[in-house]
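Per-entry structural report
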Amino acid sequence: MASSANSSSSVLAQDPNEYELPWVEKYRPKVLKDVVGNEETVTRLQVIGQEGNMPNIIISGAPGIGKTTSILCLANEMLGSLQKEAVLELNASDDRGIDVVRNKIKMFAQKKVTLPPNRHKLIILDEADSMTAGAQQALRRTMEIYSSTTRFALACNMSSKIIEPIQSRCAILRYTRLTDLQILKRLTEICQAENVKYAPEGLEAVIFSSEGDMRQAINNLQATHSGFGFVNAENVFKVCDQPHPVIVYDIIDACVKAEIDGALDKIRALWFQGYSSQDVIGTLFKVVKTFEMAEFIKLEFIKEIGLTHMKILEGCQSLVQLNGLIVRLCKLNMDPALFVL
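Treat the numbers as computed from the prediction; the structure is a model and nothing was measured.

**Some words on the confidence of the model for the protein chain**
- Mean pLDDT for the protein chain: 86, with 93% of residues reaching 70 or above.
- Element-level mean pLDDT values for the protein chain span from 47 in helix α1 (residues 8-12) up to 93 in strand β1 (residues 57-60).
- Note on residues 1-11: pLDDT under 50 across the span, and 36 contacts to partners over four residues away in sequence or across chains.

Below is the structure:
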């Protein structure tokens, strides 16, 4: 989803007819050297792109970190102008039941295409972990029969949801979330290319809201620019509809100081502003991770937030849950003797 700073010129030189594209597509890398992050894995893919003879591969990792983009770049480098004939891409919007495997995928695997030496037809399955078990079993057999002419590239969030017979036939590559610096470089390049007016804290807010997801970061940047014309922290959090981390920081600070009334007033203020309990609990977790406090207290805070998050996801999305969390966090920093009967 992004390009490195030293290769920005090749990515940012776009076709003038693409100005109406969403930025996430407009600045999608076309070659592997422009993909940001996961350098070691991308380097392995570059070698495959140059030499050919690609194995079946599974790329797993969080959303928005460049899995599908890497596969498309690899297909571009290996097959070039032959992509239209030699590549079949199925994404999450397609039905990927057993009938699709038996018909569409099998028919493509049987198709004859003239390719250079050490090059194969490529079938790309995005969100492969959402395929049914029956479809995966049928796919395993297809991979065996047509291994001499066809290769498979699977992108998924969790490789554990793919059956073991398919995993054993593939090289598994794992992508990690992008760092803040990697996202910042890319956002800065896009801001320069699109003449976006921004404040440094605005880009920090975009990065904070994206949590290592480059696609989310670029979408949030474009939405803030389109809606307000200026990217600063306040505008970003309005677009993302998340509680401002400064307010959440004050809540955590009050909990560390065991100031129950002050912390409860702030959490209630967020609730009555219309923020959902999931947004509040998510921002609490992100802020606690970077808050300076004793390590054992931080671990207890994360534990309590995690337990409350689990209750919220089960359906208990009331203010009582958030109030109870704040009280428990404050209790962790109070004298235990106060609670002895």
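Read on for the rest.
**Considering the side chain of asparagine 323**
- With respect to the secondary-structure elements, asparagine 323 resides in helix α17 (residues 319-331).
- You can call asparagine 323 buried: its relative accessible area is 16%.
- Apart from residues lying up to four places away in sequence, asparagine 323 is in contact with Leu264, Ile267 and Arg268.

**Notes on the packing of aromatic side chains**
- In total, this model carries two aromatic pairs according to the counting rule given.
- Their ring planes at 70° and their centres at 6.1 Å tell us that phenylalanine 208 and phenylalanine 237 sit as a pair that is edge-to-face. Separated by 29 residues along the polypeptide, phenylalanine 208 in helix α10 (residues 200-210) and phenylalanine 237 in helix α12 (residues 233-240) bring together distant segments of the chain.
- With relative accessibility at 22%, the residue phenylalanine 208 sits in the partly exposed group.
- Both rings, one in tyrosine 249 and one in phenylalanine 291, keep their centres 4.8 Å apart while their planes meet at 40°; by these two values the pair is tilted. Separated by 42 residues along the polypeptide, tyrosine 249 in helix α13 (residues 245-256) and phenylalanine 291 in the loop between α15 (277-290) and α16 (295-313) bring together distant segments of the chain.
- By relative accessible area, which is 43% here, tyrosine 249 ends up partly exposed.
- The aromatic ring of phenylalanine 108 is capped on one face by lysine 121, whose charged end is 5.7 Å from the ring centroid.

**Some remarks on helix α14 (residues 260-272)**
- Given a rise of 1.5 Å per residue, 13 residues ought to cover 18 Å, and the 18 Å separating the end C-alpha atoms of α14 matches this to within 8%.
- Residues of α14 that are buried include every one of Ala263, Leu264, Ile267 and Leu270, and no others. Taken end-on, α14 shows its buried residues confined to a sector of 125°, consistent with a single buried face. Set apart from the buried face of α14 by more than 90 degrees, the exposed residues are Asp261 and Phe272.
- Looking one or two residues past α14, glycine 274 carries a phi angle of roughly 105°, positive in sign.

**Digging into the pairing of β1**
- In β1, alternate side chains face the same way, and those of Ile57 and Ile59 on one face and Ile58 and Ser60 on the other are all buried.
- Strand direction decides the pairing type here: β1 and strand β4 (residues 150-156), joined by four bridges, are parallel. When the bridges of β4 are listed, serine 60 appears paired with cysteine 156.
- In this structure, β1 lies alongside strand β5 (residues 171-174), joined through four bridges in parallel fashion. Bridging from a neighbouring strand, serine 60 pairs with arginine 174 of β5.

**Section: the sheet that holds strand β3 (residues 121-125)**
- Taken in spatial order, the five strands line up as β2-β3-β4-β1-β5 in an open sheet, and their pairing is parallel. Edge positions in the sheet fall to β2 (87-90) and β5, since each of these pairs with one other strand and no more. Here the strands of the sheet are splayed against their neighbours by 15° on average, with no regard to which way each runs.

**A short note on unusual backbone geometry**
- Here glutamate 127, not a glycine, exhibits a phi torsion of approximately 55°, which is positive.
- With respect to the secondary-structure elements, glutamate 127 resides in the loop between β3 and α7 (133-145).
- Judged by relative accessible area, which is 25%, glutamate 127 ranks as partly exposed.
- For glutamate 211, which is not glycine, the phi torsion reads 55° and is therefore positive.
- Along the chain, glutamate 211 turns up in the loop between α10 and α11 (214-228).
- On the basis of relative accessible area, glutamate 211 is assigned to the partly exposed category, the value being 44%.

Each value, and the rule that gives it
- Residues numbered from 1 in each chain as written.
- Predicted model: local features only at pLDDT ≥ 70, side-chain atom pairs only at ≥ 80, totals over all residues.
- Heavy atoms only, no water.
- pLDDT = per-residue confidence, 0-100.
- Helix = DSSP H or I, 4+ residues; strand = E, 2+ residues; numbered from the N terminus.
- Contact = heavy atoms within 4.5 Å.
- Buried < 20%, exposed > 50% of the residue type's maximum accessible area, 1.4 Å probe, protein only.
- Phe/Tyr/Trp six-rings, centres within 6.5 Å; stacked < 30°, edge-to-face > 60°.
- Lys NZ or Arg CZ within 6 Å of the ring centre and 35° of its normal.
- Expected span 1.5 Å × (residues − 1).
- Arc of directions from axis to C-beta.
- Pairing = 2+ DSSP bridges.
- Axes fitted to C-alpha atoms, helices over the stretch in contact; angles between N-to-C directions.

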